[in-house]
Amino acid sequence: MAQLMNFAPVVLKNLFSKPVTKNYPAEPAVYPARSRGHIEIDLDTCIMCGLCMRSCPSGSIKVDRPNATWTINRFDCVQCGYCATVCPKKSLTMNPGYQEPGEEKFEASYTKPAEEK
Ligand code: SF4
Ligand code: SF4
């Protein structure tokens, strides 16, 4: 009984305090100012040179030059930002936010419109 009395204040405090976690993704996350975020590509300036693919330490990027398609596996990306550093056209940027959680892993592919290839 004495032990029960020891942790009763903790139980009561937790019962009536706000949760320390957010109901994400229903409630949008607020990212700290220096969070690295995710890679985004500007297809208009990308020349499909493949330097980002060859430089990525986790092999997350695929560049298919004949089909003008740039693909990233965001689940493998470690957000190091190196691809954005090496891109000669500055087509890659790190922006706040991350891939939403889901039941399946998938790659994100971006293809230049036919007239721009
Ligand atoms: S390094 Fe830059 S220009 Fe080259 S394929 Fe990657 S995103 Fe495109
Ligand atoms: S941020 Fe790093 S790990 Fe992610 S795609 Fe770019 S080079 Fe690869």
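Let me begin by describing the structure that accompanies this report.

Cut-offs and rules
- Here the residue numbers are simple positions, counted from 1 along each chain's written sequence.
- Chains and ligands are labelled sequentially in the order written, the chains with letters from A and the ligands with numbers from 1.
- With the structure being a predicted model, the display of local features is reserved for residues of pLDDT at least 70 and the display and counting of side-chain atom pairs for 80 or more, all residues being used for whole-chain, interface and lining totals.
- With hydrogens and water excluded, all non-hydrogen atoms of the structure serve as input to the side-chain values.
- Only runs of H or I of at least four residues qualify as helices and only runs of E of at least two qualify as strands under DSSP, and these elements are numbered from the N terminus.
- C-alpha atoms define the radius of gyration in this analysis, and the globule rule sets the expected value at 2.2 Å times the number of residues to the power 0.38.
- By the convention used here, residues are in contact when the closest approach between their heavy atoms is within 4.5 Å.
- What sets the accessible areas is the Shrake-Rupley method with a 1.4 Å probe; for residues, cover comes only from the shown protein chains.
- Residues scored as positive are Lys and Arg, those scored as negative are Asp and Glu, and His as well as the terminal groups of each chain are ignored.
- In this description, the location of a charge corresponds to atom NZ of lysine, CZ of arginine, CG of aspartate or CD of glutamate.
- A carboxyl oxygen of Asp or Glu within 4 Å of a side-chain nitrogen of Lys or Arg is what we treat as a salt bridge.
- Categorising residues by exposure relies on relative accessible area from a 1.4 Å probe, with only protein chains included: less than 20% of the type maximum marks a residue as buried, more than 50% marks it as exposed, and the intermediate range marks it as partly exposed.
- Polar contact criterion, stated in full: a pair of N or O atoms within 3.5 Å, where within protein one must be able to donate a hydrogen and the other to accept it, and residues adjacent in sequence count only if both atoms are side-chain atoms.
- A cutoff of 4 Å decides nearness: a residue is near a molecule or strand if any of its heavy atoms lies inside that distance of it.
- Classification convention: Asp, Glu, Lys, Arg as charged; Ala, Val, Leu, Ile, Met, Phe, Trp, Tyr, Cys, Pro as nonpolar; all other residues, Gly among them, as polar.
- Multiply 1.5 Å by the residue count of a helix minus one, and that product is the helix's expected span.
- The reported bend at a residue is simply the angle between two axes, fitted to the 7 residues ending at it and to the 7 residues beginning with it.
- Strand pairing requires that DSSP identify at least two bridges connecting the strands.
- Simply put, an axis is a line fit to the C-alpha atoms, just over the touching stretch for a helix, and the angle between two N-to-C directions goes from 0 to 180 degrees.

What follows deals with the overall build of the chain. When helices and strands are tallied, the chain shows three helices and five strands. Counting helices and strands in the order they occur from the N terminus, the chain gives α-β-α-β-β-α-β-β. Since a compact globule built from 117 residues should have a radius of gyration of about 13 Å, the 22 Å found for the chain marks it as more spread out than a globular shape. Restricting the contact set of the chain to residue pairs at least 6 apart, pairs at least 24 apart contribute 69%. A total of about 8,700 Å² of accessible surface is found on the chain, and carbon and sulfur atoms cover 57% of it. Across the chain, 14 positive and 12 negative side-chain charges occur, with their mean positions spaced 10 Å apart.

Per the stated rule, a full pass over the model turns up two salt bridges. Between K22 and E27 there is a salt bridge, with its nearest N and O atoms 3.3 Å apart. What makes K22 partly exposed here is its relative accessible area of 45%. Overall, the relative accessible area of 35% leaves E27 in the partly exposed class. Ionic pairing is found between K62 and E107, a salt bridge with its closest N-O pair at 3.1 Å. Of this pair, K62 sits in strand β2 (residues 61–64) while E107 sits in the loop between β4 (92–95) and β5 (108–111), and the two are 45 residues apart along the sequence.

With that out of the way, let us pick up the environment of T45. Here T45 is to be found in the loop between β1 (38–41) and α2 (51–55). With 27 residues separating them in the primary sequence, T45 and I72 have C-alpha atoms 17 Å apart. Residues within four places of T45 in sequence aside, it is in contact with K89 and S91. Within polar-contact distance, the side chain of T45 engages the side chain of S91 at 2.9 Å.

In this section: the site of ligand 1. Around ligand 1, the neighbouring residues are I41, C46, I47, M48, C49, G50, L51, C52, W70, C87, P88 and L92. When grouped by side-chain class, the residues that make up the shell around ligand 1 number eleven nonpolar, one polar and no charged.

The next subject is helix α1 (residues 2–16). Taking 1.5 Å per residue as the helical rise, α1 with its 15 residues ought to reach 21 Å, and the 23 Å between its terminal C-alpha atoms agrees with that figure. Taken as a whole, α1 carries its principal kink of about 35° at A8; the proline P9 stands between one and four residues after it.

With that settled, consider the sheet that holds β5. Pairing is antiparallel in the open sheet, where three strands are placed in the order β2-β3-β5. One side of each edge strand has no neighbouring strand; the edge strands of this open sheet are β2 and β5. Strand-to-strand twist across the sheet, computed as the mean angle between neighbouring axes with direction ignored, equals 15°. Two elements, β2 and strand β3 (residues 69–72), share four bridges in a ladder whose sense is antiparallel. Within β3, the residue paired with V63 across the bridge is W70.

Geometric descriptors of this kind do not, in isolation, establish any biological role.
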